[in-house]
2 protein chains.
Amino acid sequence: MANITKKVSWSSRADEAGAPGEGTPLLNGSEPRLSRQLSGGGNIFQIGRLSTVDLEEEMTSEEDSLRGRPKEIPHNEKLLSLKYESLDYDNIENQLFLEEERRMSHMGFRCLEISRWVVCGLIGFLTGLIACFIDIAVEELAGFKYQVVKENIEKFTEVGGLSISLILWAVLNSAIVMIGSVIVAFFEPIAAGSGIPQIKCYLNGVKIPRVVRLKTLMVKVGGVICSVVGGLAVGKEGPMIHSGAVVAAGVSQGRSTSLKRDFKIFEYFRRDTEKRDFVSAGAAAGVSAAFGAPVGGVLFSLEEGASFWNQMLTWRIFFASMISTFTLNFFLSIYHKNPGDLSNPGLINFGRFETDTVAYNLYEIPLFIAMGAIGGLLGALFNQLNYWLTIFRIRYVHRPCLQVMEAMLVAAVTATVSFTMIYFSNDCQPLGPEHTEEYPLQLFCADGEYNSMATAFFNTPERSVRSLFHNQPGTYNPLTLGLFTLTYFFLACWTYGLAVSAGVFIPSLLIGAAWGRLFGILLAAITSTGSIWAVPGKYALIGAAAQLGGIVRMTLSLTVIMVEATGNVTYGLPIMLVLMTAKIVGDYFVEGLYDIHIKLQSVPFLHWEAPATSHWLTAREVMSSPVTCLNRVEKVGTIVDILSNTSTNHNGFPVVMEVTASEAPPKLCGLILRSQLIVLLKHKVFVELARTRLTQRKLQLKDFRDAYPRFPPIQSIHVSQDERECMMDLTEFMNATPYTVPQETSLPRVFKLFRALGLRHLVVVDDSNQVVGLVTRKDLARYHLGKHGLEELQLAQT
Amino acid sequence: MANITKKVSWSSRADEAGAPGEGTPLLNGSEPRLSRQLSGGGNIFQIGRLSTVDLEEEMTSEEDSLRGRPKEIPHNEKLLSLKYESLDYDNIENQLFLEEERRMSHMGFRCLEISRWVVCGLIGFLTGLIACFIDIAVEELAGFKYQVVKENIEKFTEVGGLSISLILWAVLNSAIVMIGSVIVAFFEPIAAGSGIPQIKCYLNGVKIPRVVRLKTLMVKVGGVICSVVGGLAVGKEGPMIHSGAVVAAGVSQGRSTSLKRDFKIFEYFRRDTEKRDFVSAGAAAGVSAAFGAPVGGVLFSLEEGASFWNQMLTWRIFFASMISTFTLNFFLSIYHKNPGDLSNPGLINFGRFETDTVAYNLYEIPLFIAMGAIGGLLGALFNQLNYWLTIFRIRYVHRPCLQVMEAMLVAAVTATVSFTMIYFSNDCQPLGPEHTEEYPLQLFCADGEYNSMATAFFNTPERSVRSLFHNQPGTYNPLTLGLFTLTYFFLACWTYGLAVSAGVFIPSLLIGAAWGRLFGILLAAITSTGSIWAVPGKYALIGAAAQLGGIVRMTLSLTVIMVEATGNVTYGLPIMLVLMTAKIVGDYFVEGLYDIHIKLQSVPFLHWEAPATSHWLTAREVMSSPVTCLNRVEKVGTIVDILSNTSTNHNGFPVVMEVTASEAPPKLCGLILRSQLIVLLKHKVFVELARTRLTQRKLQLKDFRDAYPRFPPIQSIHVSQDERECMMDLTEFMNATPYTVPQETSLPRVFKLFRALGLRHLVVVDDSNQVVGLVTRKDLARYHLGKHGLEELQLAQT
């Protein structure tokens, strides 16, 4: 994997973009394009210097070749990849759109609003169903696996030869993980990991290719079941968030491009603005289903994704979350043969903390804060190790078969380590009267006792967390917990980033719960008398929060999620403190895990504010120029040539008024997108044809919606030589009132406008309203605050 | 008060604004102003048609005369008052500001960020302290009062002559309420009510005069103690939100204008942008202290106030909330002689609902939804009655002494009704072993029993709510609850809007809890066998949520508040459903209580989105014109005249480039505010003087900050006749890059930009960047969706 060096140069030669001999594919005409003639002929205005390019996702021919595995993966976090496009969160208010809106009655808007609620209800319902399916599948399959292994171990404990049990366990795990890894690595690599970084990016406004497709969902669901059943140190909660987002993107469009089915409903929602709103709802529904935390879900969506806060949208998100928890709850209650009991929501259930038994006091707060700091440190260590590991993986483990082998290796090692730990542990505990342990392993313990290490290792991680939270004091001995923390920490760190669908929430919680409980036990040993210290479960909870906070660095939403998942509001305050401490301590060393992975993908992620010291910069310095502008009535050939020019793959073109006299410079009058031009070319909306074919149906918004979101590449559109001479009138289709800023606007001001409105293109004009540049996401994401002040990232054509 | 009829006319005469003889006060020159000369002389550009005026709050001379009681109160919700100004949430990026920002190092920004956190911590701490003070004061005083009355009643129960007890009770209540009402009515009328509508407006971006002053806070705190102790049907929770906001506005400025103390700290925060952010934190801290709901507080601030969601800001808000709950908790734990126990947060404590005893089941959901609908209906009735009552009050009860008398009357009636109800009630209940009742009244009951009606009436409302939630089944008989609901409903409705500081949360909860419990009891009676129906406390909770939701129509934040206040996450789902149902049902009839009061105040409140069917309108139709523009270098006399013109009291002036040749029209080059011009005039920043006094200190940002927020009126600035001939160079001081939109921009698009960025002035330009109009808050708030489609409100100069 060669490091990406093809940097876009910042030359000042005005003619560079149009220089001949660049090998532009000319599918639509045999005559070689004379770019000098074009740029000199007054048809295209090349204003200023050079340009950031802005690649289209839907370049399907290119895309397909990259499908299996992109050949060049950037692994330098000082780069910004050009392959990521922005979502268009701003409505394209062209004449067609305005006409449609004006035709709509008040009743029409109300129906639309109702259908938004219906869609959100559906999203919640389906997300809940998927969560339910994953949960039941994992429960059944893992139950079966553990039963088989347990019987085998019991058999061989008596007769000797436990190594056979070990091999059985390791092979079983590897085989299951192999299935999960193969579907991910070979069929849909984007389904790897928890999906949270991808959804974060999507909600931030970056279009990540293939992230919300049906195929991704199916691979994700299959993959997560395999990796959890396969005994990896993973959770099934992160992938739920991704699944919810995919469900939302699918349901809201009323069709599936993969299945080639169009239900002809929700056509109004076929644009980025609406779709992104629904994806927020889907992500929230996913969180809600995963943790039984509807409010936490809403806050997650807002914390990660919102730019402009809209009350109605938030309510809809809330509704989706609610329905999702509700659905999951309902079906699980049937599965657990207790139909109708809705009191135990969520995929993970930490069990209730009753205040009476586990109260906390003021003098415990410093202890909690200390635990937060430990969590921050351990989290930073985790992230740093995983960062190095990811760099290593990008360099050396990029082929699918290697990835599958690594996953299998990790599965086998996990099983082996677990087995060894259990084997050498002599921590025997009496079986409680309620038999709360699902698969108690007796091993070498006396009758009526079980191996305590096995409750941590020989179990799904969710159950282990619950045991650590709620088992009676004295259930674990400190050595067991210490060893478990140590091994699980490295296993989890190794596991995250494998080519399997898997979340990092549960492993983090488990590590934290283990050392937290250890902390509690040690504390109780030191202060032998006090009864308040005697509840190690409380410290397990705090430790879990600290560790998770140290790794993912969320605060607000995570607090609420933890509170909702434990069903106890009283612990809100200490959890908040712990999460904040963990974040502050962790941020001192290294970024959060998701942010690290986002940076390693070179995604142009926009933060909440412009870097603090960026008041020096103005729009003039930041913008891309020259900008390729189009005339209001433009020659078809010119448009085709511009769109075909792969070296400057712009997606938005300012439209300017025709030049009438040479001294009057052209003024901005609109903005048109590549996708719109493609649709216009496809439908041959040419002025000349309109004259001859008067009866021809007028192009409608529906045509644009039908093409959304996979617009065909320009290469697939045939334009004859005659047609090249025709003219296209863009007046009706361009956004006549694009947002503009003057050249002197400071970067923070540009940033604020861009971020708050979720723009994709922001036109920079001079004081006579002439186009001088264009600001896109990459121009803004380029600047970031490094250790030595403001740094500028390079753009890479990956 | 006479209905306001002075409507701003929509004339098309371009010279109207400058017509002579309008009696403009000319304090600064003896020569009568020749406005024709001005408007014709090319100095001021009057472009287009007419204008919305935009009054300055800080017109102190006028303001003082209006102080005690504005003489004309608009009571028509079809008007928009011109007396409310916008906050400037957009930074004024002039050269001074940019220079300061550029001088600041990375370290400087970090310090600033830390001081923001410190301020938020202080806000939380002080808000918690105030809540603690109110709580303890109410507890002590109410305890004393009830003790006195109780002893008196016990004395006279035996000897007869209970009417003396009644009189004692009524007089005691009236006297206490009188104190509270006098300070509100005579000293600070803005402190009346819960303050939530005012804070909603402030967070929405409307500057409500005197709402965040120290005096308001003191009156509010004193007033709320009096009204709760005085036995009115009120709560102390709403006022906490207002108190938190005042604390925030005060602390963040590092000085008190009322006390004339300037601590010379936090000077950077002396502008609307920062202040509004801190006020959000204060409001959240208030909610957090009131209900022990830090997350609910954050969501309240966001639901009511946020426009642009900023992660760092949200975290700071969260921190303030957290500290606030924590402080309150800590001091209350000391007061309750249980120091260090932090498990019972909040002013109101609903008591924990334990899941084991009060589980709910799927088939109860329809019942809950039905209760939500009942809550919505009753809430709508409450709001409608209160609306009529408010109209009546505006017309006939507007003099302070009348208001005090009304408050006293309500207090006396409340006592009388309570007494009568208790007197005629024969619902005796045995005293429990734990004596959970604070002031059990035996009255005519047998020994060892107490009057059940008295637990509802003879108690602070908070305690009554808790009793209704948690008392054992059978504690209340249905007749008691029915009568109580009925009387308390009307009492609470009558009480809201009195000239006392008082919240509506607790009365709403109490009404709802009463009928909810009644509902539960009836249900248990019908389905005699099932044990799950036998918990009326559960229905009391749902009823309380339904009633509160029906009145105030909050959903997301209220759900979280209820969940946090009851300490039980399990009830999140039914509470959400109930609140949504209540909102949908209630909205069908009438708006929420706070919105009604905001509308009656004619506040230009901006909703989340433009009205649905407003795509017809463009910026051209919406904007105010002609706009008074200034030259970049402008004559002092002209500026003074413009600022002194009371008929068109603009606050923002587009600055245009000088006209050099007659054919080139002037282009927009900046925007300057009235407040900035006033400071410039006050410091005599004239071009001529700068030449003569070269050593003079350059005007700095500090001078503007010192003047913030109470800029002197133009009348207080003396400009001599010679000085009138001087010139002022505005280049350095104007915002050189104001946001602009083209004339054709649709209203929803203008609205989105305006709302998302919290603008105060939005310049409308034509395609050559010439000013054609100005959009302010009132221009946007004017349009709303009525029963018959889009309606336009009139502007009133009140």
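Since we're looking at a predicted model, the values are computed, not measured.

(A) Quick look at the overall build of chain A. Looking only at helices and strands, chain A features 29 helices and 19 strands. In chain A, which comprises 798 residues, the share counted as buried stands at 66%. When contacts within chain A are restricted to residue pairs at least 6 apart in sequence, those whose partners lie at least 24 apart make up 80%. Element-wise, carbon and sulfur atoms account for 62% of the exposed surface of chain A, whose accessible area totals about 27,900 Å².

(B) Structural view of the pairing of strand β18 (residues 789-792) of chain B. Residues and elements named next belong to chain B. Note that strand β17 (residues 783-786) and β18 share four bridges and pair antiparallel. Bridge pairing in β18 places leucine 785 opposite leucine 790. Linking two consecutive strands that pair antiparallel, namely β17 and β18, is a turn of two residues.

(C) Focus on the sheet that holds strand β14 (residues 740-742) of chain A. Residues and elements named next belong to chain A. Strand order across the open sheet formed by three strands is β14-β15-β16, with mixed pairing between neighbours. A single partner strand is all that each edge strand has here, and the edge strands are β14 and β16 (771-776). Adjacent strand axes in the sheet meet at a mean angle of 30°, parallel and antiparallel pairs treated alike. Taken strand by strand, helix α28 (residues 747-757) contacts β14, β15 (761-765) and β16, and its axis lies near 145° from that of β15.

(D) Inspection of the pattern of salt bridges at higher detail. A full pass over the atoms with the stated rule returns 55 salt bridges over all chains. With a shortest N-O distance of 3.4 Å, B:Lys684 and B:Glu723 are connected by a salt bridge. Taken together, the positions of B:Lys684 in the loop between α24 (674-682) and α25 (687-692) and B:Glu723 in helix α27 (residues 721-724) put the pair 39 residues apart, joining distant regions of the chain. In this structure, a network of salt bridges that share partners links the residues A:Glu113, A:Arg116, A:Arg271, A:Glu274 and A:Arg316.

(E) Inspection of the relation of the copies chain B and chain A at higher detail. Laying chain B over chain A is done by rotating through 180° and shifting 0.0 Å along the axis; what remains is an RMSD of 0.1 Å. Considering both components of the superposition, the chain copies are consistent with a two-fold axis. Looking at chain B, 100% of its interface residues are interface residues in chain A too, so the copies touch through the same face.

(F) Structural detail: the packing of helix α12 (residues 365-396) of chain B against helix α21 (residues 593-600) of chain B. All names here are of chain B. Remark: α12 packs on α21, axes separated minimally by 10 Å, with the N-to-C direction vectors making an angle of 25°. Judged on the interaxial angle alone, α21 and α12 are roughly parallel. As for how α12 packs across α21, the hand of that crossing is right-handed. Side by side, α12 and α21 meet where Phe382, Asn383, Asn386, Tyr387, Thr390 and Ile391 of the first sit next to Leu593, Ile596, His597 and Leu600 of the second.

(G) Looking closely at the nonpolar core. Within the largest apolar cluster, 318 residues are counted, with the highest numbers of intra-cluster contacts made by A:Phe382, A:Ile422, B:Phe382 and B:Ile422. Discounting chain neighbours no more than four positions away, the residues touching B:Phe382 are B:Phe489, B:Ala492, B:Cys493, B:Val504, B:Ile511, B:Ile551 and B:Leu593. Grouped together as the second largest cluster of nonpolar side chains are 54 residues, A:Tyr739, A:Leu757, B:Ala619 and B:Val764 included.

(H) Inspection of the packing of aromatic side chains at higher detail. Applying the stated criterion to the full structure yields 38 aromatic pairs over all chains. Taking the centre distance of 5.2 Å and the plane angle of 80° together, the rings of A:Tyr423 and A:Phe424 count as edge-to-face. Residue classification places A:Tyr423 among the partly exposed residues on the basis of a relative accessible area of 33%. Their ring planes at 75° and their centres at 6.2 Å tell us that B:Trp169 and B:Phe419 sit as a pair that is edge-to-face. Of the two residues, B:Trp169 is situated in helix α5 (residues 162-187) and B:Phe419 in helix α13 (residues 400-424); the sequence distance between them amounts to 250 residues.

(I) Region of the structure containing the sheet that holds strand β15 (residues 761-765) of chain B. Residues and elements named next belong to chain B. Taken in spatial order, the three strands line up as β14-β15-β16 in an open sheet, and their pairing is mixed. Two strands bound the open sheet, and with one partner strand each, they are β14 (740-742) and β16 (771-776). Across the sheet, the mean angle from the axis of one strand to that of its neighbour is 30°, orientation sign disregarded. Relative to β15, β14 is paired through three bridges, and the arrangement is parallel. Note that in β15 the partner of valine 741 across the bridge is valine 764.

(J) Layout of the interface of chain B and chain A. Facing the 90 residues of chain B at the interface are 90 residues of chain A. Where chain B abuts chain A, roughly 8,300 Å² becomes buried across the two surfaces, and 66% of that area is made up of carbon and sulfur atoms. Here chain B and chain A share two salt bridges between them. Between B:Asp90 and A:Arg749 there is a salt bridge, with its nearest N and O atoms 3.0 Å apart. Going through the elements one at a time, α3 (95-103), α4 (106-159), α10 (294-305), α11 (311-335), α19 (556-566), α20 (572-589), β14 and α28 (747-757) of chain B are the ones with two or more residues in the side of chain B that touches chain A. For the side of chain B that touches chain A, the element with the highest residue contribution is α11(B), accounting for eight residues.

(K) Molecular detail of a nonpolar patch on the surface. All names here are of chain A. A cluster of nonpolar residues, Ile114, Val118 and Leu122, forms a patch on the protein surface that exposes about 250 Å² of accessible area. Following the sequence through the fold, valine 118 ends up in helix α4 (residues 106-159). By relative accessible area, which is 42% here, valine 118 ends up partly exposed.

(L) Quick peek at the confidence of the model for chain A. Residues and elements named next belong to chain A. Confidence along chain A averages 80 in pLDDT terms, with 83% of residues attaining 70 or more. For residues 1-74, every residue scores under 50 in pLDDT, and the model assigns this stretch 184 contacts once sequence neighbours within four places are set aside. Two numbers describe this predicted complex: its pTM, 0.86, and its ipTM, 0.85.

About the thresholds
Residues numbered from 1 in each chain as written. Chains lettered and ligands numbered in written order. Predicted model: local features only at pLDDT ≥ 70, side-chain atom pairs only at ≥ 80, totals over all residues. Heavy atoms only, no water. Helix = DSSP H or I, 4+ residues; strand = E, 2+ residues; numbered from the N terminus. Buried < 20%, exposed > 50% of the residue type's maximum accessible area, 1.4 Å probe, protein only. Contact = heavy atoms within 4.5 Å. Areas by Shrake-Rupley, 256 points an atom, 1.4 Å probe, with all protein chains shown as cover. Pairing = 2+ DSSP bridges. Axes fitted to C-alpha atoms, helices over the stretch in contact; angles between N-to-C directions. Salt bridge = Lys/Arg side-chain N within 4 Å of Asp/Glu carboxyl O. Least-squares fit on C-alpha atoms with pLDDT ≥ 70 in both. Parallel < 35°, antiparallel > 145°, perpendicular 65-115°, else oblique. Left-handed = near helix turned anticlockwise from the far one by under 90°. Core = buried A, V, L, I, M, F, W, Y, C linked by side-chain atoms within 4.5 Å. Phe/Tyr/Trp six-rings, centres within 6.5 Å; stacked < 30°, edge-to-face > 60°. Buried area = accessible area lost by both parts, 1.4 Å probe. Patch = residues over 30% accessible without salt bridge, like charges linked within 9 Å, V, L, I, M, F, W, Y side chains within 5 Å. pLDDT = per-residue confidence, 0-100.

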